[in-house]
Each structure stands twice: as C-alpha cells, then as structure tokens.
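As a plain string of letters, each chain reads:
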Amino acid sequence: MSGLRVGIVGAVLVLAGSAAPAGAAAGAPPPKLPAPTFPKTVAREVLVTADDGTELAGTLTFPSADGKAPASGRFPVVLSMTPYGRDGVCSCPSPAMFATRGMVSAVFDVRGTGGSGGNLDANYFSPREARDGYDLVEYLGTRRWSTGKVGMAGGSYVGITQYLTAEQQPPHLAAIAPQVALSDLYRDGFAHGGIPNLFFDLQYIGVQGIPGALTPNSDPALLQATLEAKLGQSPPGAIAFDYLARPNDDRFYHERSPIYRARKIQVPVLDIGEWHDGLLRGEPEMYRALSKRPGVETRLYMDPCTHKGCGAPFAPFTNPPNVGDNAALIFEFLDHHLRGTSIPNRPNVTYYLQGAGGYEHASTWPPPRTRYRNLALGAGTLGGRAAEGAGSESYVSDPAAGFANAFAQYGTVAITPYLPLDQRLEGAHGLTFRTAPAKRAQRLVGPLALHLDAASTATDTDWYVKLADVAPDGSESIITDGALRASHRALDPRKSTPARPYHTHTNPQPIEPGRFYPYAIEIWPTAYELAPGHRLQLRLTSSDLPTHLPGSFQIDRDNPAATSISLNPPATNTVRLRRSYLLAPLEPAGGSR
C-alpha cells in the first residue's frame, strides 16, 4: 500500500460496479461439500507425549464402514488444537465432516486444559504451545494409517494455533485454514490504539480456561492421566494477570503474535475472516504478510458475520443474504492440498461487499483498483472543499459516550452478543461530519485512517472514530471504527502507510495541554457499499465505555494490593478542521479485479 495516491474529492465519491454472485469466482461455481464416501465414523482417545514429557490428550475420528472399527487404508489428517475442550465448545470443524469423506480428524486439548497435562504458566499462545503443535503434526504424519499429509483447521484460538504451529515448520504439515484468528495479540486483541479493550481483557482472557477445565478424558483407561493432568494446573482466569501487567507492547505479546514470524510459514494458507469480528484486523494483516511469500498459495476470504457467525444467538440482527458455505470452502482447500483433488482456480481475495449482498474478487488486498482520497473535515461536513481560513471545532469529553455500543462486535470474541444499535443514540457526543447524499452507489474497500490535527486541555485523551451509513430516514448504521490514545501517537515509519498507520505502543508520552499535535488514527478495514441517497458519517468522541477503558492501570501480579487505575480527566478537545481529513479507500466503477 505504499505510494498511495492522495487527493481531494467532493461529497459524491464514486460510481460503484455491481457485486458478483455469492461465492462465485470468475466462471467457477461456489464450493460445495462432496457426498460422504464412508457411512460411519469411529473415535479413539489418545495421549501423545510432547518433547518435554507432557502428555497431550486428543480424540481421533476415523472413517468407518460399520461404526466399530476404523476403515483400512491410509488417510490424510486434519488437526485442531483447542483450549475449549476437544469434546466441548472446541471451535473446531465437525470431525464427522472429514471422517465421512476419507480423512482423519484429530482434535487435541492444549496443555493445561481438558485431558492434557502440563500447566498454563507459560500462558496461552506461548512458544511452548507452538512446539506442542510441531510434535502433534509429526505424530499424526507418521502413523501407519496416515498418508503423511497433515492439515489444520478451526477458528479463533484454534486458528491462532495453526499459525504458531506452521511457524515451527513441521515436515508433515501440508496446509492450514485458520478462521477469525488474530495476527497481533496486542493490537488486535488486548488494546486498540493503545487503549485497553475491556471485552478482551476482562471477559476473554478472564474466562478462557473454563470450558477446557470442564471436559476431561472420557475413556476410563485414561482417567488416571486426567487426574494427574489436573493437579497443579493454573485455575481459569489466573493468566489474565500476565496480560494486565503489560499495558504496552513488548516481547510477551510478540512471542504470541504470529505476524512477527509470518515469513516462517511455508505452507499454503486459506485465511478466513469476518467484517464484524472483534478480531477483524488480524486476517487482512496476516494476508498482507503471507502474500509476500513467493510461490506459496495465500488466499483471503472475508465474510460479513461476527466472531461467532451470523444469526442467533450471538448476532440475531446480523444475517445478510447469500453468505457462502465456509465448511465447504475449507474442505475443498484441504482436500486439494492433502489429496491433490482438482478444484477450480480460486481468486487470491474474495470479500463480501456489505450493502450489495454478494461477493467480489480481487488479486490483492486492497483490490488493485482501489484509490485513496482525502475527505476533508469541515463544519459538520465530510468530503467538501475546505474553506480558506477554516477554523476549529471543540467538544467536551463525555463519559457517557459509547454506551449505545455496549453490544459491539468486540464482545462476540467473548460471550457478549452483537446488537448494532442506531448510532443516533450517540449523536449528542463529540463532533459529527457527513458527506452530501450520494447520487450513485459508493464503495469503501480497504483500510482507512483519520489524520487529525487536534489539541486537548488534558495531558492525555482518547480519540474514537466511528464511521456510519446514514439512510434518507436519518438512521445511522455502524460500518467500522478506530481508536488511538494521545500518549500512544508515536508511529513506526517502517511499518506505517498513510492508509494504515502503525503505532509503536512502547513508550507512551503525555501531551502538552493546549498544544496541537498531528494524529494518524487507524480505522479497521471494511468492504461496504452505500446506496444512492445515503451519506457517509464520521463521528469523533473521546469515550467508549464499556468497550474500552477510559484510563490506564498498573497491576503487579506478585503484589495485588499495589494495583491502581487512573482514569482520564475530563477534557475539552479541539480539532483544527483545515488540517484534518479522512483517508478513504474508494473503488471505481467496473469491479475490483
């Protein structure tokens, strides 16, 4: 994305092309699950010894003719590693989907959970856990019933373990298909723009170990191993202190973030994300890194759902039309790389164009035809011509701002449903800027950034940017958002682009009250079409409870009594309009290829 063309455009952005049929590549039908080749399955529990002697518990599901014994022959294997209980919540594909179609499904509890031994003292996503992935792949690839080809599949945590295992380069790993997985533990999950993400920090990591703790081995022969495994394990929730004690980016997060070692992943990757996932940033970022590998297949597939999918119970109001079949997509990809099955030539990038109700295809992300334009901030306007001598606008930080978004997409990473409310409930807060009504359909396809020239009366403040689609009836639907803490404004010039700022988050520096500073605020990517007559809206506020913490904390795991929380003081924040603009990714008419 370097060398972006930046210009000024008016309120009417661009004519958009029509969306392609759902799931269809050029001239190719969408993926479809083949008919089963085996009528039954049979499961076996196993213990695999890692290189440090720890026993890892797994369930193997085999193809079977009678449901009593595994079918004869050799089969490829699909591995999933989960902390949620391999026979419980799991977040894994259906074992029967693979086993009835001639593959072995292998689902293992990560160490310190379920029926596996070991402890969580090295924490989730640890280098130790990544090494376990290597051992499991090699075990599965060298069994007498294995073809020696191992793939991996699963979502969320089970997607992250695929990246971390692939970095170890186990010889028998052939392909991975991670879903809704983060790339950068700090930026995607723990904090957004340096601001602690309460959904992740309190809900997710606080309850992470509970499902796995409730799902021990069921085979009586392994009961003793289960009891031994549970002795001395960290209680669920205790690992939260390892994160909360680190409010800034550091080696701890780097070791658990696959983006830093993406070049070590040398197998084909099908990268599946969702436009309303609380970890949305992770998939496009990993694709950006992985697509640089010469000669190794990398595909990005973006759906319009949440971290837990579309529809009830977690997203009852998010059920767009024509959504593709992810299970069929994953099976087709792994079938091709594990058994050499011929498949249609699929595009590098497939993304659901929200508002248009179908999929588009491209060779890169953002699509090659995307062009970035400055949409200037005016007195309540967005994208109009900035008047000579345009002044400034101010607002008072309001701790009530953000409560209309209490059920934001970030909560679906944990246990909160996604209920996108009308953004008019937030209209009284901050500053609002709008384009003129669009004369033709308008597309935003790619990452975005708000370049802000602003001052505050406080020594630190937060900036929240929310983009919305304003319908002719006045209703406001959230599209995407971004955040940045003023003290975290420092950029890494090697990794930043105008459209995707990258902040260091290592050495926060307070601001001088009353002084204007330039801020580059990362807004998470989207693919969205505004209908004719609709407006694009930008709202800027400085509070976002209960999603983000309006302050900072100091926590010492060894001395809990020393814990302190410092809230941001009330502030008057001022924006210099003429020097502030939204950098928007506009796709011209004619499609995205």
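The notes below deal with the structure included here. Note that the structure is predicted; figures quoted are calculated from it, not measured.

1. Describing the nonpolar core
Step number 1: Residues L79, F108 and L140 are the most contacted members of the largest nonpolar core, which totals 61 residues.
Step number 2: Here this core takes 5 residues from helix α4 (residues 157-167), the largest share from any one element.
Step number 3: Listed in part, the 35 residues of the second largest apolar core include A153, A175, I272 and Y301.

2. Examining the packing of aromatic side chains
Step number 1: In total, this model carries 19 aromatic pairs according to the counting rule given.
Step number 2: Look at Y84 and Y157: their rings are 6.2 Å apart centre to centre, the planes differ by 75°, and that puts the pair in the edge-to-face class. With Y84 in the loop between β3 (75-82) and α1 (85-89) and Y157 in helix α4, the pair connects residues that are 73 residues apart, well separated along the chain. Across the pair, Y157 and Y84 agree in class, each one buried.
Step number 3: When the centroid spacing of 5.6 Å and the interplanar angle of 70° are considered together, the rings of Y410 and W524 count as edge-to-face. In this pair, Y410 sits in the loop between β14 (392-396) and β15 (431-434) while W524 sits in strand β19 (residues 517-530), placing the two residues 114 residues apart along the sequence.
Step number 4: W524 sits in the buried class, given a relative accessible area of 5%.

3. Section: the pattern of salt bridges
Side chains that differ in sign of charge can pair as their charged atoms come close.
Step number 1: Inspection of every chain in the model, using the stated rule, returns 34 salt bridges.
Step number 2: Here R128 and D52 are joined by a salt bridge, their closest N and O atoms 3.8 Å apart. Residue R128 is found in helix α3 (residues 127-141), and its partner D52 is found in the loop between β1 (40-49) and β2 (55-64); the two are separated by 76 residues along the sequence.
Step number 3: You can call D52 partly exposed: its relative accessible area is 40%.
Step number 4: Salt-bridge contacts for R187 lead to D184; the nearest nitrogen and oxygen are separated by 3.0 Å. Both residues of the pair, R187 and D184, belong to the buried class.
Step number 5: Linked through salt bridges whose partners overlap, the residues forming this network are D51, D52, R111, R128, R131, D132 and D135.

Conventions used here
- Residues numbered from 1 in each chain as written.
- Predicted model: local features only at pLDDT ≥ 70, side-chain atom pairs only at ≥ 80, totals over all residues.
- Heavy atoms only, no water.
- Core = buried A, V, L, I, M, F, W, Y, C linked by side-chain atoms within 4.5 Å.
- Buried < 20%, exposed > 50% of the residue type's maximum accessible area, 1.4 Å probe, protein only.
- Helix = DSSP H or I, 4+ residues; strand = E, 2+ residues; numbered from the N terminus.
- Phe/Tyr/Trp six-rings, centres within 6.5 Å; stacked < 30°, edge-to-face > 60°.
- Salt bridge = Lys/Arg side-chain N within 4 Å of Asp/Glu carboxyl O.

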